[in-house]
Amino acid sequence: MATATKVSRGLDIGGMTCASCVGRVERALTRVEGVELAEVNLATEVATVTYDPARVSVETLTGAVGKAGYTATARDDPGTGTAGEPSAFGDVPGTGAVGDVPGTGVVQNVPGTGAVQNVPGSGTVRSEPGTGRSPTPPETGEEGRRRELTGLRRTWQITLAIGLSMMVLMYLPLPIDAMDWLMPLLLVVATVVQFWAGRPLYRAAWAAGRHGAVNMNTLVVMGTTVAYGYSAFVTLWPALAERLGLPLHVYFEISVVVIALVLTGRWMEARAKGRTATAIRTLMGLQPKTARVLRGEAEVEISVEDVAVGDLIRVRPGEKVPVDGVVTGGASTVDESMITGESLPVGKGVGDPLIGSTLNRTGSVVMRATAVGRDTTLAQIVRLVEDAQGSKAPMQRLADTVSAWFVPAVIGIAVLTFAFWAFFGPDQGRLTLGIGTAIAVLIIACPCALGLATPTAIMVGTGKAAELGILISGGVALEQARRITTVVLDKTGTITRGRPGVTQVTAAPGTDPDELLAYAAAAETGSEHPLGEAIVARARDRRLALPAVESFEAVPGHGVEAA
């Protein structure tokens, strides 16, 4: 009997503004037959769906999200230019240390990285990048986000300036005659702001309303529209308002300032999301852009995305290993500290494995590619960080559950508040007091922070940890870290600097330690070995004069000879 296959796929979700949106998207996805689990993260705006590909397609999933009033697009896998086939994420090969430890929720460490720029050699043939396979440059999406942030910042700054100006006018001792032209002017300005700056809020509220739902935008739109609508009514028809017993008070500045503050909060949220995404971009930047592939007798420089499994690649001293592979010719030492944390380079010969994005130090080697694209160690580390940033902590699940019922409850409380003060308030100004208190309930109770606080904290925590070389397997592990009582460190470089250094020079009796250090540093000046570099650095720190070296020879496995 055939066994059902379950795969996990990420979808980029657009149009979400609060935890209520999270609940609707999750419900829309879980109702699709064949979907086993759907989790949506508001901070990353990503839905992770576990489903049976034999019963449901990605197009069906995106269509279900679209019917719920949001947008969805399939996510590209890290390290590839296409969406690729969904796959489960496993441990990072070659390390034995990255990935979740079942049943423990522990935090595992991959020591810090040190990126070194690739120095292409000369005399190679540069080919045109392959068509249809190169991924969209990160700058394209980054530029779009930057433009969006700039536009949002300009909008809230203009809106806030107008709102504060209106507040100042409201408190100035103006003559009664000035109201004849000031109130129509405020109406025109407030109308422009209400439906220009507030247009995204109205769109989102309408999109939710069409599907019989309410969200944070609904609260903001209801509150500001009530304030604007009442003010517009008493401005346009003051005589009718007096006959109805309505006070001739205007609240234009309230609606404008509230919209400005909401947009300011969204700008801050978007900026915070952009900053946390730098961890992913930093990891992706560790990969070289090109590789030298052997084509017969020639070396052809191609895009790293065009490298195929089985290609022979030459890696020269000072260059990064483009993909995962195995040495087929030559010998060298490789700095694998970005993966293993070991500060000393590891000797590599024929048959030894090479990890993509590590640094080749001394010799030139020919390697055969064994893993490319999303299968490389670096791509799987990136995927682990993305999964961790998009994972839900138990506290977040509770917040999402509460938020799903929060908005309808707030609307009900606002209606009751208006009714109470309108009927049982003071004799003078019952209606205006009821309107003011109802608006306050709608605006102040917006559940933005409730839905964003936990996922944003997870994004910041996991992203900052990744920058420091620590991979956290998910929100559950991060939340359970508070229970840790003992930390066991098993890697060199975890609590050290990650590079060797000279701490003490012990000379034979009658020998000056500084003179000995100067001679040793002079001999090691031409060496690329980390221990030699540490000796030279120590001599320079002590400002020692190094004698001139007439001859130098590196003896593999033994050291150097110099005269």
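This one's a predicted model, so the numbers in the text were calculated from it and none came from an experiment.

> Please explain the nonpolar core as it appears in this structure.
Inside soluble globular proteins, nonpolar side chains tend to come together where they are buried. If you look at the biggest cluster of nonpolar residues, it comprises 35 residues, and the most contacted ones within it are Met 166, Ala 190, Leu 201, Tyr 228, Tyr 230, Phe 252 and Val 262. Residues within four places of Tyr 230 in sequence aside, it is in contact with Leu 246, Pro 247, His 249, Tyr 251, Thr 432 and Ile 435. Ranked by size, the runner-up nonpolar core spans 25 residues in total, among them Val 7, Leu 29, Val 65 and Ala 68.

> Looking at this model, I keep getting lost on helix α16 (residues 513–524). Mind explaining?
In a regular helix each residue adds 1.5 Å, so twelve residues correspond to 16 Å; α16 covers 16 Å between its end C-alpha atoms and thus fits that length. Restricting attention to buried positions, one finds in α16 the residues Leu 517, Ala 518, Ala 521, Ala 522, Ala 523 and Glu 524. Each element contacted by the buried residues of α16 is listed here: α17 (530–541), β17 (552–555) and β18 (559–562).

> Got a minute to help me understand the packing of aromatic side chains in this structure?
To describe a pair of aromatic rings, you give the distance between the ring centres and the angle between the ring planes. Inspection of the entire model under this criterion finds eight aromatic pairs. Pairing Phe 195 with Tyr 202 gives two aromatic rings, centres 5.5 Å apart and planes at 35 degrees, and the pair type is tilted. For the ring pair Tyr 230 and Tyr 251, a centre distance of 5.9 Å and an interplane angle of 50 degrees mean the geometry is tilted. You can see Tyr 230 sitting in helix α6 (residues 216–236) and its partner Tyr 251 sitting in the loop between α7 (238–243) and α8 (252–276), a full 21 residues away along the chain. Accessibility expressed as a relative area gives 9% for Tyr 230, which makes it buried. Residue class for Tyr 251 comes out buried when judged on its relative accessible area of 15%. Taken together, the ring pairs in this structure connect Phe 195, Tyr 202, Tyr 228 and Phe 252 into an aromatic cluster.

> Is there a simple way to explain the packing of helix α5 (residues 199–210) against α6 in this structure?
For any two helices packed against each other, the geometry comes down to the angle between their axes and how far apart the axes lie. At a closest axis distance of 8 Å, the pairing of α5 and α6 adopts a crossing angle of 120 degrees. By the angle between their axes, α5 is oblique relative to α6. The two elements α5 and α6 meet at a crossing, and its hand is left-handed. On the side of α5, the interface is formed by Leu 201, Tyr 202, Ala 204 and Ala 205, while α6 contributes Asn 217, Thr 218, Val 220, Val 221 and Thr 225.

> Mind showing me how you'd approach the sheet that holds strand β2 (residues 35–41) here?
Sheets are built from strands that pair by backbone hydrogen bonding, the pairs being arranged parallel or antiparallel. Spatially, β2-β3-β1-β4 is the arrangement adopted by the four strands of the open sheet, whose pairing is antiparallel. Single-partner strands in this sheet number two, and they are β2 and β4 (71–74). Across the sheet, the mean angle separating the axes of adjacent strands is 25 degrees when strand polarity is ignored. Sheet analysis places β2 next to strand β3 (residues 46–51), joined by six bridges and oriented antiparallel. Counted as the bridge partner of Asn 41 is Val 46 from β3.

Definitions and limits used
- Residues numbered from 1 in each chain as written.
- Predicted model: local features only at pLDDT ≥ 70, side-chain atom pairs only at ≥ 80, totals over all residues.
- Heavy atoms only, no water.
- Core = buried A, V, L, I, M, F, W, Y, C linked by side-chain atoms within 4.5 Å.
- Buried < 20%, exposed > 50% of the residue type's maximum accessible area, 1.4 Å probe, protein only.
- Contact = heavy atoms within 4.5 Å.
- Helix = DSSP H or I, 4+ residues; strand = E, 2+ residues; numbered from the N terminus.
- Expected span 1.5 Å × (residues − 1).
- Phe/Tyr/Trp six-rings, centres within 6.5 Å; stacked < 30°, edge-to-face > 60°.
- Axes fitted to C-alpha atoms, helices over the stretch in contact; angles between N-to-C directions.
- Parallel < 35°, antiparallel > 145°, perpendicular 65-115°, else oblique.
- Left-handed = near helix turned anticlockwise from the far one by under 90°.
- Pairing = 2+ DSSP bridges.

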